[in-house]
Each structure stands twice: as structure tokens, then as C-alpha cells.
Amino acid sequence: MLVDPAPGLPAAPDADPVLADPPRDGSPVRRRTALAGAGSALALLALAACSDEDTEPGPQEPDADEVAELSVVYSEYPAARGDWTVWSVGYDLAEDQDAPPLYDATTQQARHEALQAKKAEKDWTREDPLLVLDPYGSTRTGLYVYVEDAASGQLEVVSTAAATEDFAHTAANHAAETGFEGLVIGLIPGAHNTLTLTWAPESGSGSAGELRIKAPTTESGYGTAVTADIADAGALSPGLFALSGVTAQSNNTYLVDNTGTMRAEVVSGDSAAHHFVVENGNLVITTGSRQIGMLDPLGHARTLIDLGDHSVHHDLAVVDGIAYVLTSDATSERVEDRVIRVDLASGDVAQVVDLQTLLPEYEKLAHAQEGEAGGSEVQGKDWIHINSIDVREGVMYLSARETSTIIALDDALDPGSEPAVRWMIGVDALWEGTGYEEKFLAAEGTVIGNAGQHSVRRLDDDALDEGQFYLEMFNNNYWRMSTRDDADWKDVGPQDASLEEHDGVSHALRYLVDENAGTFAQDDAVELPYSSVVSNVDRLGDGGIDQPMVANSGRANEFSERAADGTVLATYRYDSASHGYRVYKDPFDGFWFSGQ
């Protein structure tokens, strides 16, 4: 429900608010010494007490009574001046009460109803539009813009800040018929931004206005620029890089433009977003260690699906409205060896792969490794360590880091099916005695060999014969096993793979797979800064080998955009305590931007 600011709230400071720091989260919070009644206290305490461990798998539904009890506050944002009013969103809370969890269906519904109520207050014209800073709490500096007009049209945006290049674009319009509704992305967190908005209707005259906004800082305090070395700015693809899993810097994802300037921060929960997938008008991400979320272009987490005992790690793939997610089962003594199927429409959750059931003889050979399992929120025997998933034409492709093996599975997509190994690529000597040695494709010609690989993706090409396709990956080129004795693995790995954690050469490695012949051959290998763990390669555009790529060497704290042949177009270096997990790039065309 919507609550207007109380008369007792502090007035804006006398100094220019553009020079004054807003609250760290950019949201007004009104504190009271007691709630209005016991019902309110119980409802909000229940919200604050929610945890992933308490949930059953399936879609979250908002509680209507708790939505009514959660008081959402709209206040004028004090650090904005210009032609229009900017509103910010917060809660009316008791003095000893924490804000409710953001990625909760009740919280999101209360914020949604508050926005609808604000829209209904009056006519929001081009002269007086409704501007709300991050109405759903998911993008921090995204600015919601709502204009009622007789015609539809375009909103042209220019964001300017000192010592940075202007960020100009056309904002995607999500109004049902006329006027404008959308989220403007471009404000630099913590910076003094000048934002120019120009409304250009399809008929009639346009209008323009200007705002000066001191945007909220990043939630973690992370810097708002990475070091950019740009070789060919004109060749860079449009869009934003999505940098996730920066160690010791919160779990949020930082959206960075081609100049290396941060333009938004997508909030996560107790786990980093493991992939950044725009699918059918929604952003599909992990919004918690046991939760999948779908954010619409306004930042509204309309769909939140709890995963029960399954804890996400490393990666997910979305195919025809189904998310296939790498998980650990918290009730098991093993980790990082499951795949679940999440129907994004119904919210149904089902396990489809348990690799121990599929590969029991290998699991018996492995022992538990010491320390935490990388990427998993639960602990256990990390015997195979699946770190990427891809699904194409009914086949599931998994990357197993611990065994440096790529595994293709048939019949692995539906509940109740019985997965079977289609083939493997890697070192068959590791699998001696398991019964799966005969499943390995044969290397044709000289190959570097994959060692500790990440982000294995299938790339199709019409020029290839039927049964042929490419597999591309970030080849960490690190030959190391923590779950087998040294004598089992040290002398059987790829000849040029490094045994050192901080010294070596990684690759964007591409194989040509010929299933008809049962072979694979090395098609290309581009040297990359060394990263013994984490990292990824991501083809842009339609994903073909003729498209540019983004390569993130996480341990080197460096990502780059490269032409199709691997030529460096720009290199970006970032700070972390250890590594940045993955970097993707998306044009967000039709989502946040138009005409990218």
C-alpha cells in the first residue's frame, strides 16, 4: 500500500541537494517507535524472517494481507533538481524493524501496487511526467519514466557526468498504446549526473527537460569505472557488459558501458547471478541461492520461483520458457552434481539429472576435497564440479571442471526421463575402469586439450554437414584435481596445460565436433590472459563464429571484447579480492534500449 510522506519527515537540506549524499540505498525509510497493531508487526516480522531454507519448491505468491500491511513510502528524492520532480521509494517501518526481503513476492507486489497508486494520483503529462528512482528496488539507479500522451513516441536520453563520455540512447517504450512507460538506464552510481530527456511523439510537437541527479552509490561501495583500453571504439557492439561474482564486493551484477563506466547495478540476493539471460521480454537470473527470478523491463520481479532444497551454482540455460539450472542438493552429502528443470510459466521445479546416478563408478574413485566447494552455497563431496550447461536440439552439454571433461547427455530434459551419456571429450585415462572410457570422442589431428574448462557452448553453422557443430569454451588450461591422488592424474593431462595456479596461458578454444565420425578437431585457439579457475567466453549477436566475443579472465581481473577472429577491440581491468566470476554482454534492445 502507498503511504504519503509524513509531515514530520526532515525537509531537504538548505544546501544544493545535488551536492549532498543521499541515503546509501537511495530509499526513504520512515521509522516509528511502534507499529499500528499486532497484525502489522506479525506480518512484517514474518517477511523479515523468510529464508530459502523454509520454502517449498515452486512459484511464490504474495500474501494479500501482508501486502496491505507493508507501507510503501514515496518521497521526493532530495538529491535531484531540474524541470521535474523525482520520487524515491522506501518503507514505513518500526524503529527496531528491518526492511523486508526485496526478492519476495509480497514485497514486490506491495511496491507494484504503490507504483500503480502513484500513477493513478493525477495525469502525468509531458510537462509533468512521473519519474521514480528504481521503483522495484532491483536496479538501484534505473529511473522509471511514465508519460500520458495522445500519441506513442520515443524518449531520447542523454546522461552526462564529469570526466565521462555522454551516454545517449533511445529508451525502450513499454506503454500499452500511447504515451511512454519505461526504465531509463544511464545514471552513474554515486555521481552527479545531468539527464536530458526528450519526448518525441509520433504526431505533434515534442518536448524536453533536464535534471541534475546525485545518484545513489553502489550498494557495496564498488567503484563506478573499470580501466578501459579501447583499440577500436567504432567496432564495439552496442549494449552493456554484465560483470558478476566480483569477490568481496557483494553479489550484485554491475552493468558497464563500452567506455568502462558503470550505468546500473542489478541487485542479487545471497548468491551472485550465475547467468544474465534476456528471454521473451524478461531478465532471467538467480535472485538468491535457492531462487530464480524473472525481472520485467521496469525492474519488477513479477515471477519468483523457490527451488526448495536445491542451491544454485555457476550457470543456467533457458530454452523455450524452461530454465535448466546447475544445483547442489542440500540434503545430499555430494555437491555440484545435479541439474533441475524450472518451468518459468508454471513455476514447477523438478530434478532431471543426478550425475552420481549416471556415473556411479567414477564417483567411487573420487574422494572428498578439503575446504569449501567453489560456487556452491552448501557443502559436500565436490567430486565432478559441473560449471556450465548448454541445451541445443534436445541434447544437454555439461562442463565438468574437476575432471576436465565435456559431457553430452541424451534424454536429460524432462522429469522422469533416464539420462544417458551421448559422448565425452577429455582425458579418457581418468575414467579407466568406469565403463565410460568408450564414450570419449577421438581427437583428430593436434589439439591443445581442454583442462579445467568453463562456459562450454555449442555453436551451429549452416555451412557444416549434418552431425557437425562447434563447441567453444574458455579453456583455463589448468590441470589440477583435488579429488584424486596425484598418481591418478598428474601425468595424463594435456601436454601444455599448466599445473600452476597463477602461471600459464588460457584460451578461447573451439572444437569442430563430428558426431558421425565420432571425432573432434581443434578449429581455433585464441590466447587469453591466464585464469586457473572461473572465467568465460560469450559469443554475441546470434552466437555464430562470425560474431564478436566477450572473454573474461576472472583471475586476471580482465575482460575484453574481441572481433570474431579474436582481435582485441577493447580491454577492461577491474578490481576484486580474488576474481570476477563471469562477464556477459547484451544489447538489451527492446528491453531497456530501442534500436541498438
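Being a predicted model, the structure only gives us computed values, none of them experimental. (Residues numbered from 1 in each chain as written. Predicted model: local features only at pLDDT ≥ 70, side-chain atom pairs only at ≥ 80, totals over all residues. Heavy atoms only, no water.)

Time to look at the overall build of the protein chain. When helices and strands are counted, the protein chain shows six helices and 40 strands. Sorting the 596 residues of the protein chain into buried and exposed places 58% on the buried side. Restricting the contact set of the protein chain to residue pairs at least 6 apart, pairs at least 24 apart contribute 60%. Accessible surface computed for the protein chain: about 23,000 Å², of which carbon and sulfur atoms make up 44%. (Helix = DSSP H or I, 4+ residues; strand = E, 2+ residues; numbered from the N terminus. Buried < 20%, exposed > 50% of the residue type's maximum accessible area, 1.4 Å probe, protein only. Contact = heavy atoms within 4.5 Å. Areas by Shrake-Rupley, 256 points an atom, 1.4 Å probe, with all protein chains shown as cover.)

The residue Ser498 is located in the loop between α6 (486-489) and β33 (506-514) in this model. Relative accessible area serves as the criterion here: at 10%, Ser498 is assigned to the buried category. Reaching out from Ser498, the side chain makes a polar contact with the backbone oxygen of Asp503 at a distance of 2.6 Å. Dropping the residues within four chain positions of it, Ser498 is found in contact with Asn477, Tyr478, Trp479, Asp503, Gly504 and Tyr530. (Polar contact = N/O pair within 3.5 Å; in protein donor to acceptor, adjacent residues only side chain to side chain.)

What follows is about unusual backbone geometry. Most peptide bonds adopt trans geometry, and most residues besides glycine take a negative phi value. A positive phi angle, near 65 degrees, is found at Asn477, a position not held by glycine. Among the structural elements, Asn477 can be located in the loop between β32 (468-475) and α6. In this structure, Val534 takes a positive phi of about 50 degrees despite not being glycine. By the element assignment, Val534 lies in the loop between β34 (519-528) and β35 (536-539).

Here the focus is the packing of aromatic side chains. One pass over the structure, following the stated rule, counts 17 aromatic pairs. Consider the rings of Tyr511 and Phe520, whose centres lie 4.8 Å apart with planes at 55 degrees: the pair is tilted. Classification of Tyr511 as buried rests on a relative accessible area of 0%. Residue classification places Phe520 among the buried residues on the basis of a relative accessible area of 6%. Relative to Tyr572, the ring of Phe559 lies with its centre 4.8 Å away and its plane at 20 degrees, an arrangement referred to as stacked. Highlighted residues: Phe559 in strand β37 (residues 558-562) and Tyr572 in strand β38 (residues 568-573), separated in sequence by 13 residues. (Phe/Tyr/Trp six-rings, centres within 6.5 Å; stacked < 30°, edge-to-face > 60°.)

A word on the confidence of the model for the protein chain. Of all residues in the protein chain, 90% have pLDDT values of 70 or greater, and the mean over the chain is 91. Long-range and interchain partners of residues 1-26, a stretch whose pLDDT sits below 50, account for 59 contacts in this model, where long-range means more than four residues apart. (pLDDT = per-residue confidence, 0-100.)

Right, let's get into the pairing of β38. Here strand β14 (residues 227-230) pairs with β38 via four bridges, running antiparallel. Within β38, the residue paired with Asp229 across the bridge is Thr571. Across five bridges, β37 lies against β38 in antiparallel orientation. Within β38, the position partnered with Glu561 by the bridge is Ala570. (Pairing = 2+ DSSP bridges.)

Attention shifts here to the side chain of Thr261. Within the secondary structure, Thr261 sits in the loop between β16 (253-256) and β17 (262-266). Taking relative accessible area as the criterion, Thr261 reaches 7% and is therefore assigned buried. Separated by 3.1 Å, the side chains of Thr261 and Thr259 make a polar contact. Those residues in contact with Thr261, other than ones at most four positions away along the chain, are Thr164, Ile188, Thr224, Leu255 and Val256.

Should their charged atoms come close, side chains of opposite charge can pair. Applying the stated criterion to the full structure yields 32 salt bridges. Salt-bridge contacts for Glu181 lead to Lys119; the nearest nitrogen and oxygen are separated by 3.1 Å. With Glu181 in strand β11 (residues 180-184) and Lys119 in helix α3 (residues 105-120), this residue pair connects regions lying 62 residues apart in the sequence. Take Glu181: its relative accessible area is 12%, and that puts it in the buried class. Here Lys119 falls in the buried class, since its relative accessible area comes to 15%. A salt bridge links Arg458 to Asp460, with the nearest nitrogen and oxygen atoms 2.8 Å apart. Bridged by salt links that share partners, the residues Asp329, Arg334, Asp337, Arg338 and Asp354 form one connected network. (Salt bridge = Lys/Arg side-chain N within 4 Å of Asp/Glu carboxyl O.)

What follows deals with the sheet that holds strand β28 (residues 405-410). Think of a sheet as strands paired side by side through backbone hydrogen bonds, with each pair either parallel or antiparallel. Pairing is antiparallel across the open sheet formed by four strands, whose spatial order is β26-β27-β28-β29. Each edge of the open sheet carries a strand with a single partner, namely β26 (386-392) and β29 (420-425). In this sheet, adjacent strand axes meet at a mean angle of 20 degrees when their direction is disregarded. Here β26 pairs with strand β27 (residues 395-400) via six bridges, running antiparallel. The residue of β27 that forms the bridge with Val391 is Met396. (Axes fitted to C-alpha atoms, helices over the stretch in contact; angles between N-to-C directions.)

In this section: the nonpolar core. Among the nonpolar cores identified, the biggest contains 41 residues, and Tyr74, Leu130, Val132, Tyr144, Leu255, Phe276 and Trp592 are the most heavily contacted of them. When residues in this core are grouped by element, the largest group, four residues, is from strand β6 (residues 86-94). Apart from the residues within four sequence positions on either side, Trp592 is in contact with Thr139, Thr170, Ala171, Ala172, Leu183, Ile185, Leu255, Val266 and Pro297. If you look at the next biggest cluster of nonpolar residues, it comprises 36 residues, including Val352, Ile386, Met396 and Leu398. (Core = buried A, V, L, I, M, F, W, Y, C linked by side-chain atoms within 4.5 Å.)

As a further point, take α3. Its 16 residues give α3 an end-to-end C-alpha distance of 22 Å, which sits within 8% of 22 Å, the value for a rise of 1.5 Å per residue. Within α3 the residues assigned to the buried category are Ala105, Thr106, Thr107, Gln108, Ala110, Arg111, His112, Ala114, Leu115, Lys118 and Lys119. Looking at where α3 begins, the residue whose side-chain oxygen comes 2.9 Å from the main-chain nitrogen of Thr106 is Asp104. (Expected span 1.5 Å × (residues − 1).)

As a further point, take the pairing of β26. In terms of burial, β26 is a largely internal element, six of the seven residues being buried. If you look at the hairpin formed by β26 and β27, you'll find two residues sitting between the two strands, and Glu393 has a positive phi there, around 50 degrees.

The sheet built from six strands is open, its strands ordered β5-β13-β12-β9-β10-β40 with antiparallel pairing. If you trace the sheet from one side to the other, it starts and ends with β5 (80-82) and β40 (593-594), each paired once.

This brings us to the environment of Thr331. Among the structural elements, Thr331 can be located in the loop between β23 (322-329) and β24 (338-343). Remark: the alpha-carbon pair of Thr331 and His310, spanning 21 residues in sequence, is separated by 8.6 Å. A distance of 2.7 Å separates a polar atom in the side chain of Thr331 from a polar atom in the side chain of Asp329.

Summarising the element assignment, Leu344 is placed in the loop between β24 and β25 (349-354). Its relative accessible area of 8% is what places Leu344 among the buried residues. Sequence separation of Leu344 and Gly321 is 23 residues, and the distance between their C-alpha atoms is 5.6 Å. For Leu344, the contacting residues outside a window of four places in its chain are Val284, Ile292, Met294, Thr303, Ile305, Val318, Gly321 and Ala323.

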